[in-house]
Amino acid sequence: MLRTSIIGVLLIAMLPCVSVGAAEAVEVTSPDGRLTLSLSMGKAITYSVSYKGKEVVAPSAIGLTVGGKFFWAQPKVKKVLPRSVNQTITPLYGKFATLQDSFNEKRVELDGSYAITVRAYNEGVAYRFATAIKGMVTVESETAEFNLAGEPEVTFPETNTLTSWEVPYLKYQTPAAIDEGKRAITPTLFSYPDAGRLRVVVAEADVRSYPGMYLERTKGGFRGYYAPYPDSIAMGSWGNFVTVVQRQASYIAKTEGTREYPWRVIIATDDDRALLTNELIYKLSTPQAIADASWVKPGKAAWEWWHDAELPGDSVPSGMKNRSTALYKRYVDFAAENGIEYLMWDAGWSDIFDLSKVNPKTDVQEVIRYAKSKNVGVFLWCVAAALRENADTYMDLLRSWGAVGLKVDFFDRDDQQALDWLEAIARKAAEHKLMVDFHGCGKPTGLQRMYPNILNFEAVRGAECAKWDLTPNPVHHLTFPFTRMLGGSLDYTPGSMRNRTQQSFKPLDPGMPLTMGTRCHELAMYVVYDQYFAMLCDSPAEYNKYPDVRKFLADVPVAFDDTRVLAARVGEYAVVAKQKDGKWYVGGMTDWTARVVEVDFSFLEAGAQYTAEIFTDGYEANQDAERYNHETITLTSSTKLKVKMAVGGGFVMEIKN
């Protein structure tokens, strides 16, 4: 291990070229004046955050321990560099064609080659450290306190491990109700019901070659917690194909001494709708590193795993024990006939560790050839461990077969080593022109901006859990879009056609699972959720029973040019309109409360007349969740339409002129 002779901490001061007194502070305010991040110097560096003049994060300590030393006292400031930026970002794809990137910033540079940058957007505020030290250094720890003002409710995606991000969200009435030492993944949501429904989210962005941050309950508030660097790993866990940490080092990162560290992010708003369009984590992250990404194509996929590859009534034998070349060609045919861009071929096609050893029951190259002849691309599943040492070899092989992407599963870690490994896979996949769907991974923090060939991260308790428990329910469906989805696209894997009420649902595995919520609730996920590689999780045989539903699922895009959130409340309901190529799609979802919402179509072009195909919950959907109505109506921008949603219900619309 290399250590530098110059070791440091990050300190901040108000004025350049002078020592800074304890009472002085550096402030940065958002362009709209609502959010302010203040840094002050006393015995420790602290920051605080206010929204509309009200303190939402009380003074909280921050800093790094590098090489065993942590200096706080009397830093000397070389200069403070303010700047304001107002520019446009054009994502390769997303829920907007362009993003307005407007912020105010101050970078404070200190003697000893340390700096801290603070930045304020209308969407939130952030700070990050930087060091300029020769050679490699070890980061023993990072101090990041989050002392939330008052007694907010806490939506806490609690975890007792450092290996899973597919967790349910627990709701605590106050922080005091959370036991000291309990940890949650980020983003984590705090709510102030008595303060205009103010929401505060703690998150992070641009995490590269560094461990991900958890939020740990402390005696006085919350603080960042980070997986230690692994000192030793071995194969283990479920299936014995996961890299498991055997011993932990005494530090969290071993890194280049000259670098910037992750952004620590505070989002605050009193409008829940704003959380569904907040792109701050993306904006804070490293810009696109792929020069030519024209081959990256978001889309939907037919997928066999969730419904156990069952094709009831088909002449080809189906089911997991009967997976064959002929069976996968059936999935290709379904995709091709409905304009579905991809086949997602899950586990079982190859040896777990040697992807060149193909299951003799299936001719992978023939299926890929057949799919290509029908303009369907094929993604192939693999475990992350298979790509640790042979990524280039296997990616060369799969690309030579004609595969267009990989679903890489079972990282089950987000320490520095694991995130370096994940980024390397994304980079190598880009070099081989392969898209990626990451599973069993930590939550996204913006790497998809740098490598837009990453279409999805899982990191959400998804529809697969309907096989085993009650957690993927309508309340959950209306919680994670306001929290986890702030980090980026997710792979919830919707599309179930066996929809059940709360009373009639039961987990089912093996076989063809059931899901909670109505048919229209399920369809609305394709509009409300950001999912740039969207599964059709159910059997083609099921979709073929409902040609109108099948057509909607074929038509609805995965990426859009504009997004308008018409109504939203965390954990309760959401109504979202998204536009692509002149068509609008509207999706509405509710929790276990039946609702009537009024949809205002003023987002449509004035003076134009539109035709809308509308799917709504059927008259008896409170008892039979599969019941739905499908009708066509005429709309204009002045139309206001009241729509009923059943218990666990929803609706969708496809609007064109």
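Our subject is the structure that appears above.
Overview of the structure. (Residues numbered from 1 in each chain as written. Predicted model: local features only at pLDDT ≥ 70, side-chain atom pairs only at ≥ 80, totals over all residues. Heavy atoms only, no water.)

With that out of the way, let us pick up the overall build of the chain. Scanning the chain from N- to C-terminus turns up 11 helices and 37 strands. Against the globule reference of 26 Å for 657 residues, the chain gives a C-alpha radius of gyration of 25 Å, in line with a compact fold. Along the longest, intermediate and shortest principal axes, the C-alpha atoms of the chain span 80 × 60 × 45 Å. Each of the 657 residues in the chain was classed as buried or not, and the buried ones make up 63%. (Helix = DSSP H or I, 4+ residues; strand = E, 2+ residues; numbered from the N terminus. Rg over C-alpha atoms; globule rule 2.2 N^0.38 Å. Buried < 20%, exposed > 50% of the residue type's maximum accessible area, 1.4 Å probe, protein only.)

Core analysis: the largest hydrophobic core is formed by 132 residues, its most contacted members being Leu380, Leu387, Val408 and Phe438. Looking at this core element by element, the count peaks at seven residues for helix α9 (residues 519-528). In contact with valine 408, not counting residues within four places along its chain, are Cys382, Val383, Ala384, Leu387, Ile425, Val436, Asp437, Phe438 and His439. Grouped together as the second largest cluster of nonpolar side chains are 55 residues, Val108, Val137, Tyr210 and Ile266 included. (Core = buried A, V, L, I, M, F, W, Y, C linked by side-chain atoms within 4.5 Å. Contact = heavy atoms within 4.5 Å.)

One pass over the full model with this rule turns up 46 salt bridges. Residue lysine 283 pairs with glutamate 123 through a salt bridge whose shortest N-O separation is 2.3 Å. Taken together, the residues lysine 283 in helix α2 (residues 280-283) and glutamate 123 in the loop between β7 (114-120) and β8 (125-148) connect sequence positions 160 residues apart. Glutamate 123 shares its class with lysine 283; the two are buried. Across the salt bridge formed by arginine 627 and glutamate 620, the nearest N and O atoms sit 3.2 Å from each other. (Salt bridge = Lys/Arg side-chain N within 4 Å of Asp/Glu carboxyl O.)

The values reported here are purely geometric and, on their own, carry no functional implication.
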